[in-house]
Amino acid sequence: MLSLRLKTIEELVETDKIVADIGTDHALLPVELVLSGKIKKAYAVDNKNGPFLRAQQYIKTMGCEPFIEAMLSDGLSSVPQDANCWVIAGMGYDTAAMILDQRPTVTLGQQLIVQVNHGVEHLRRYLMNGSWQIIDEKIIFDAHYYQIIKAVKVKSVVRLKIEDIDYGPILRKEKNPVFTEYWQFQIQKLQKIVDQLDRGSKRGQQLQKQIHSIKVMLNG
Ligand SMILES: C[S@@+](CC[C@H](N)C(=O)[O-])C[C@H]1O[C@@H](n2cnc3c(N)ncnc32)[C@H](O)[C@@H]1O
């Protein structure tokens, strides 16, 4: 049974894609995708021996060996060209960006589903600068808040506004209840910091400005 976070990622994968799950750990996602019949082929990639062996074992136990190839490899370095949907989830922004940097040339139409544990605004900027168009976004609460981005490689990307980078081009328009709850939670966190700072301090003023921008966005 997948966690809500992995289930949400699974739902973003399109039928019959060839998935490369980079940093697969147990290979839970590719196994579920194959067992559900959504896809017929996947690569489960991890660069560490322990997770790689776990993935290999789980794939075997679940009878998915004919469909999923476990690979002990760094990021995208050895991922075959036929993988048309890359998944990078459960890492920090720096690692995700480093993995994507390994493929400076990407086929147009390539899909990417990415969930970083921190630095999502840096990720959106990175994607825009690399001609990855964001085509879907999800926010979920699964013990923590997670934002999941689906993007496609395009020839000419629609530039994101600063609000799109900060809050998500799709999420900020949708403003679903989890999104609102997340930003209200951020406001509370920022307000607590402001309350501990000296009245009128520069940092306090910056944070007040940030709180104001979030409120404007939520009410907009
Ligand atoms: C926290 S787990 C996430 C597992 C799964 N993707 C998920 O979202 O639940 C991160 C995994 O990424 C792997 N990893 C980190 N850097 C990697 C890289 N450069 N190439 C391949 N795997 C990597 C780690 O070994 C670890 O198994």
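About the thresholds
Residues numbered from 1 in each chain as written. Predicted model: local features only at pLDDT ≥ 70, side-chain atom pairs only at ≥ 80, totals over all residues. Heavy atoms only, no water. Phe/Tyr/Trp six-rings, centres within 6.5 Å; stacked < 30°, edge-to-face > 60°. Helix = DSSP H or I, 4+ residues; strand = E, 2+ residues; numbered from the N terminus. Lys NZ or Arg CZ within 6 Å of the ring centre and 35° of its normal. Near = heavy atom within 4 Å. Polar contact = N/O pair within 3.5 Å; in protein donor to acceptor, adjacent residues only side chain to side chain. Areas by Shrake-Rupley, 256 points an atom, 1.4 Å probe, with all protein chains shown as cover. Nonpolar A, V, L, I, M, F, W, Y, C, P; charged D, E, K, R; others polar. Expected span 1.5 Å × (residues − 1). Buried < 20%, exposed > 50% of the residue type's maximum accessible area, 1.4 Å probe, protein only. Arc of directions from axis to C-beta. Contact = heavy atoms within 4.5 Å. Pairing = 2+ DSSP bridges. Axes fitted to C-alpha atoms, helices over the stretch in contact; angles between N-to-C directions. Domains from an automatic or database assignment. Parallel < 35°, antiparallel > 145°, perpendicular 65-115°, else oblique. Left-handed = near helix turned anticlockwise from the far one by under 90°.

Thoughts on the packing of aromatic side chains
Next up, step 1: Under the definition given, this model contains eight aromatic pairs.
Next up, step 2: Taking the centre distance of 5.8 Å and the plane angle of 35 degrees together, the rings of Tyr145 and Phe185 count as tilted. Highlighted residues: Tyr145 in strand 7 (residues 144–153) and Phe185 in helix 8 (residues 177–196), separated in sequence by 40 residues.
Next up, step 3: An aromatic cluster is defined as three or more aromatic residues linked by ring pairs; in this entry it consists of Phe141, Tyr145, Tyr167, Phe179, Tyr182, Trp183 and Phe185.
Next up, step 4: One cation-aromatic arrangement involves Arg5 over Tyr146; the distance from NZ or CZ to the ring centre is 5.5 Å.

With respect to the site of the ligand
Next up, step 1: In the vicinity of the ligand lie 16 residues, with Arg5, Gly23, Asp46, Asp74 and Gly75 positioned nearest.
Next up, step 2: Within the side chain of Asp46, a nitrogen or oxygen atom sits 2.6 Å from an oxygen atom of the ligand.
Next up, step 3: The contact in question runs from an oxygen atom of the ligand to an N or O atom on the side chain of Lys48, over 3.0 Å.
Next up, step 4: Taking 600 Å² as the accessible area of the ligand by itself, protein coverage stands at 81%.
Next up, step 5: Taken together, the elements giving at least two residues each to the shell around the ligand come down to helix 1 (4–12), strand 4 (85–91) and helix 4 (93–101).
Next up, step 6: Counting residues per element, the shell around the ligand draws most heavily on strand 4, which supplies three residues.
Next up, step 7: Grouping the constituent residues of the shell around the ligand by class yields five nonpolar, six polar and five charged.

What about helix 9 (residues 202–219)?
Next up, step 1: With 18 residues, helix 9 extends 26 Å from end C-alpha to end C-alpha; this agrees with the ideal 26 Å at 1.5 Å per step.
Next up, step 2: All of the buried residues along helix 9 are Gly204, Leu207, Ile211, Ile214, Met217 and Leu218. What you see down the axis of helix 9 is that its buried residues fit within an arc of 145 degrees, all on one side. Along helix 9, exposed side chains directed more than 90 degrees from the buried face belong to Lys202, Lys209, His212 and Asn219.

Examining helix 1
Next up, step 1: Arg5, Leu6, Thr8, Ile9, Glu10 and Leu12 are the residues of helix 1 that are buried.
Next up, step 2: Those residues of helix 1 that are buried lie in contact with helix 2 (28–35), strand 4, strand 5 (111–116), strand 6 (132–142) and strand 7.

Some thoughts on the sheet that holds strand 4
Next up, step 1: Pairing within the open sheet is mixed, and its seven strands lie in the order 3-2-1-4-5-7-6. Since the sheet does not close on itself, it has two edges, and those belong to strand 3 (68–72) and strand 6, each with one partner. Strand after strand, the sheet turns through a mean of 15 degrees between neighbouring axes, direction not considered.
Next up, step 2: As judged from the 10 bridges shared by strand 6 and strand 7, these two strands associate in the antiparallel manner. Looking at the pairing, Gln133 lines up with Val152 of strand 7.
Next up, step 3: Packed onto the sheet, helix 3 (residues 49–61) meets strand 2 (41–46) and strand 3 and runs at close to 165 degrees relative to strand 3.

Some words on the domain arrangement of the protein
Interfaces are often sized by the amount of accessible area the parts lose when they come together.
Next up, step 1: Entries for the protein in the domain assignment read domain 1 (4–160) and domain 2 (179–219).
Next up, step 2: Between the C-alpha centres of domain 1 and domain 2 there is a distance of 33 Å.

Concerning the packing of helix 1 against helix 2
Next up, step 1: Contact geometry for helix 1 and helix 2: axes closest at 10 Å, N-to-C directions at 50 degrees. Judged by the inter-axis angle, helix 1 sits oblique to helix 2. In this structure, helix 1 meets helix 2 at a crossing whose hand is right-handed. For the pair formed by helix 1 and helix 2, the contact residues are Leu6, Ile9 and Glu10 on the first element and Leu28, Leu29, Glu32 and Leu33 on the second.

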